[in-house]
Every structure is written in structure tokens, then in C-alpha cells.
Amino acid sequence: MTMVSSVAVMQTAFIGDVLLTLPLMKALRTALPDASLSLITTPAGAQVVAGVDFIDRVLAFDKRGEHRSTSGMRTLAQQLGPVDALIVPHKSVRTLRLVRMIKAPFVVTYDDAWTKYAATVKVPYPIDRHDADRHFALLQGLLPATAWCKEQLMPITLADTEDDTIAREYVRDLGTYVVLAPGSAWPTKQWPLDSMQELASTIVSDGRRVVVVGDASVNGRLAGPGITDLAGALTMRQSAAVIAGSEALVSNDSAPLHIASVQNVPAVAIFGPTTPAFGFGPFSDRHAVVELDLACRPCSPHGTVACPIGTHACMKGIGVDAVMHALRAVLQPS
């Protein structure tokens, strides 16, 4: 394509998926510095990325609320306005409907997506790559896809100045600290909280402070000397600022892990029912994955409410010593 003055990216999946779309958007900004760059995402995703300074517009697609109907989708398409190019990592039928209403002259998506029926360019889904790198395939016909890798585009700052100021107030007297993110939207992806508590106490014994982030569901679940519990007290962007100021993050396979990766914060990821081979592992310069080699895993692409075989061995079998060893390795690389 030539003379691209406006590009929109549509990603309305989970927050982690939205975060992993940001390297693609930074590549677009780098290659097209004068173009108008928009992101269409979920209301929750919009709140998380609203502080990203290289995105000109963030539009919230409330697909279960005000934009659920055809007229609601049409209103959102009109709000976006004309765009020269539309890049669509998301694959759903609902997304296809909105893509058709936007009527962009150039639409690129994956060839296994429902959105292929409204696309001008369809590219094979690169299943064997990290998700953040997969999306560069969607630059085909717009930019040279081979020119990019996620690492060259890090770090990406998620918090704005106000978020950063608020976060600093919570942690300014702590000195060096490690962030623990014990929660998960899927119960089977959560390392047992008693193990996370033991890890927190071990980190404190090593001479560091611990800061806990997450939603209200994990508030008060980790406690003790040297532990500052901010779960439920911060927005996700404020949590991102806390993570950015830390020495490292320890997290389940959940959104905080991707927050650390895009900000290039050292990270230890604990994987159970899922696996990094799906393309959602950490990619900070210094990172580690702790997981068990079990015949039953992976059992799900995104986790489940309950263990299919009733043991939850993939998480219960991971010891504190193994996670602490991985953490020390990313804190003190050889």
C-alpha cells in the first residue's frame, strides 16, 4: 500500500491478548510516524492501554453492552470514521460484523479467522511463534513483516504520568522490591496461595520487600512483615507502574506477566494447565518459566475452572524452592 494516513487495529480478546498486540502497534507507529493510529478493543482493554503514548485513539467496543446490537456496532464504526487500513488479529464472528461496517479499503487478518470473509489480504496463522511476533505477519501488504521482532520494540510504557505518581506514593519508601501477582481469571492457572505466601516470606528473608498486585479477590491473601498488599487498591495501569519500578515479577500465566514483558521487567512465570508453547510466555530480557513435565498438560488453551482429572498436580507439584531458584536467576544473571 502507498499513502497510508490512517490505520486501525482491532483486538477484542482478553487483556493479555490486547497487551501482546502492542508491539505490532509500535511497529506501525515506527514505520508510519505521521499516520493516525487507532486501537479498537474491549472496555477493559481500553482502560489498560489508554496511557500508551504512541496510540492516537483507543475505542472501546462494548460488545456485550451498548455495541451489542447492529445499530450499536454501526455507531462505533461511525465513531472510528474512515481508515485506510484495518488490521484484525481477532477472529470472531462478532468482529467480522464490525469489520464489514467499517468498510476499510484494505483489511488484513488470519486465514483461519471468521474475519477472512471481509479481508483483502489473508495470511497463514503462525502458530509456532510467540503471539506478539505472530501479529507481525499481519503487516503483509502494508509493511515488510520480516523487519520486526517484539524485542526490538521494548519497552512499552503503559502508565501515564498520573498513574506513575499514584504508584510511586505506594512504594516510595520500600526500596528494592519484587512484585507477586497471585491471581488468575482461571482457577487452574493459579499457583496455590499458601505456596505464594511461602515464596513471599522467603523473598523477605533474602532482604527484599514484596508488593502484591491483583484484583480484590486476592486482597489480604498474602500478609506478613515486609509484604505490602496493593491487590484491589490499584488500577491495572497503576499496577503496571508498580511492576515497572520493581526488580522482578513473579506471576501465573495471566495479564501481569504480559505487563512485565512489554515493559521489559524481569519475570518468572508459573505455568500449569497452559504452556509457553502456545505463544504466551514471558519475553523480558531476563525471564524464567517454572513448569512440570506431566502427561496431562497442557489440558487447555486458556485454563479451566476445575482440573479435568481432579488433581491440579501441574500447580500443586511446583515447589517454592523451584520458583525461588528461578527468581534468584533473573535477579542475578550470570
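In what follows, the accompanying structure is described. (Residues numbered from 1 in each chain as written. Predicted model: local features only at pLDDT ≥ 70, side-chain atom pairs only at ≥ 80, totals over all residues. Heavy atoms only, no water.)

Re the nonpolar core
Right, on to step 1. The biggest cluster of nonpolar side chains holds 66 residues, and the ones touching the most others in it are V7, L28, I87, L142, L158, V211 and V242.
Right, on to step 2. Here this core gets 5 residues from one element, more than from any other, and that element is helix α2 (residues 22–31).
Right, on to step 3. Residues V178, L199, V323 and A326 belong to the second largest nonpolar core, which totals 29 residues. (Core = buried A, V, L, I, M, F, W, Y, C linked by side-chain atoms within 4.5 Å. Buried < 20%, exposed > 50% of the residue type's maximum accessible area, 1.4 Å probe, protein only. Helix = DSSP H or I, 4+ residues; strand = E, 2+ residues; numbered from the N terminus.)

Overview of the pairing of strand β7 (residues 177–181)
Right, on to step 1. Within β7, 5 of the 5 residues are buried, which leaves it mostly tucked inside the rest of the structure.
Right, on to step 2. Residues Y177, V179 and A181 line one face of β7 and the alternating positions V178 and L180 line the opposite face, and both faces are buried.
Right, on to step 3. By the bridge criterion, 4 bridges tie β7 to strand β8 (residues 209–212) in an arrangement that is parallel. Bridged to L180 within β8 is V212.
Right, on to step 4. Tracing the backbone out of β7, into helix α8 (residues 193–205) and back to the parallel element β8 gives a crossover that is right-handed.
Right, on to step 5. Pairing of β7 with strand β10 (residues 248–252), which is carried by 4 bridges, proceeds in the parallel orientation. Residue pairing in the sheet places V178 in a bridge with A248 of β10. (Pairing = 2+ DSSP bridges. Right-handed = clockwise from strand over helix to strand, strands pointing away.)

Focus: the layout of surface pockets
Right, on to step 1. The volume enclosed by the largest pocket comes to roughly 1400 Å³.
Right, on to step 2. Along the wall of the largest pocket there are 50 residues; nearest its centre are F14, I15, G16, D17 and K189.
Right, on to step 3. Broken down by secondary-structure element, the contributors of at least two residues to the lining of the largest pocket are α1 (15–19), α6 (131–134), α9 (236–244) and α10 (255–262).
Right, on to step 4. The residue inventory of the lining of the largest pocket, partitioned by class, reads 23 nonpolar, 18 polar and 9 charged. (1 Å grid on protein atoms, 1.4 Å probe; cavity = no way out; pocket = protein on both sides within 12 Å on 5 of 7 lines; lining within 4 Å. Points joined across faces, edges and corners; volume = space filled by probe spheres on them. Nonpolar A, V, L, I, M, F, W, Y, C, P; charged D, E, K, R; others polar.)

Re the pattern of salt bridges
Right, on to step 1. Using the criterion set out here, one finds 13 salt bridges in the structure.
Right, on to step 2. Put simply, R29 and D56 hold a salt bridge, and the shortest N to O gap is 2.7 Å. Of this pair, R29 sits in helix α2 while D56 sits in the loop between α3 (43–49) and β3 (57–60), placing them 27 residues apart in sequence.
Right, on to step 3. Residue classification places R29 among the buried residues on the basis of a relative accessible area of 16%.
Right, on to step 4. The exposure class of D56 is partly exposed, given its relative accessible area of 44%. (Salt bridge = Lys/Arg side-chain N within 4 Å of Asp/Glu carboxyl O.)

Topic: a positive patch on the surface
Right, on to step 1. Together, R64, R68, R94 and R97 make up a region of like positive charge exposed at the surface.
Right, on to step 2. You can see R97 is positioned in helix α5 (residues 93–102).
Right, on to step 3. Assessed through its relative accessible area of 33%, R97 is described here as partly exposed. (Patch = residues over 30% accessible without salt bridge, like charges linked within 9 Å, V, L, I, M, F, W, Y side chains within 5 Å. Areas by Shrake-Rupley, 256 points an atom, 1.4 Å probe, with all protein chains shown as cover. Lys, Arg positive; Asp, Glu negative; His and termini not counted. Charge placed at Lys NZ, Arg CZ, Asp CG, Glu CD.)

What about the state of the cysteines?
Right, on to step 1. A complete count under the given rule lists 0 disulfides for this structure.
Right, on to step 2. In this structure C296 is not part of a disulfide, and its nearest cysteine sulfur, from C314, lies 6.2 Å away.
Right, on to step 3. Classification of C296 by relative accessible area gives partly exposed; the value is 35%. (Disulfide = S-S within 2.5 Å.)

Quick word on the sheet that holds strand β5 (residues 106–110)
Right, on to step 1. The 6 strands are arranged β3-β2-β1-β4-β5-β6 in an open sheet whose pairing can be described as parallel. Each having just a single partner strand, β3 and β6 (121–123) make up the two edges of the open sheet. Shown here is a sheet whose adjacent strand axes are inclined to one another by a mean of 20 degrees, direction ignored.
Right, on to step 2. On the sheet, α2 packs against β1 (6–10), β2 (36–41) and β4 (85–88) and is oriented at approximately 165 degrees with respect to β2.
Right, on to step 3. Sitting on the sheet, helix α4 (residues 70–80) touches β1, β2 and β3, and the angle it makes with β3 is about 175 degrees. (Axes fitted to C-alpha atoms, helices over the stretch in contact; angles between N-to-C directions. Contact = heavy atoms within 4.5 Å.)

Notes on the environment of G319
Right, on to step 1. If you trace the backbone, G319 turns up in the loop between α11 (313–316) and α12 (320–331).
Right, on to step 2. For G319, a relative accessible area of 33% corresponds to the partly exposed category.
Right, on to step 3. Note: C-alpha distance between G319 and S92 (227 residues apart in sequence) is 39 Å.

Digging into the sheet that holds strand β11 (residues 267–270)
Right, on to step 1. Taken in spatial order, the 6 strands make up an open sheet running β9-β8-β7-β10-β11-β12, and their pairing is parallel. Because the sheet does not close on itself, it has two edges, and the strands there are β9 (227–229) and β12 (287–290). The mean inter-strand angle of the sheet, taken between neighbouring strand axes irrespective of direction, is 20 degrees.
Right, on to step 2. Where α8 meets the sheet, its contacts fall on β7, β8, β9 and β10, and the angle it forms with β7 comes to roughly 180 degrees.

Digging into the packing of aromatic side chains
Geometrically, a pair of aromatic rings is defined through the distance of the ring centres and the angle of the planes.
Right, on to step 1. Applying the stated criterion across every chain yields a total of 2 aromatic pairs.
Right, on to step 2. For the pair W114 and Y117, a centre-to-centre distance of 6.1 Å together with 50 degrees between the ring planes defines the contact as tilted.
Right, on to step 3. Classification of W114 by relative accessible area gives partly exposed; the value is 47%.
Right, on to step 4. Residue class for Y117 comes out exposed when judged on its relative accessible area of 52%.
Right, on to step 5. For the cation-ring pair, R134 lies above F280, with the distance from its terminal atom to the ring centre recorded as 5.7 Å.
Right, on to step 6. Lying across the ring of F283, K150 places its NZ or CZ 5.5 Å from the centre. (Phe/Tyr/Trp six-rings, centres within 6.5 Å; stacked < 30°, edge-to-face > 60°. Lys NZ or Arg CZ within 6 Å of the ring centre and 35° of its normal.)

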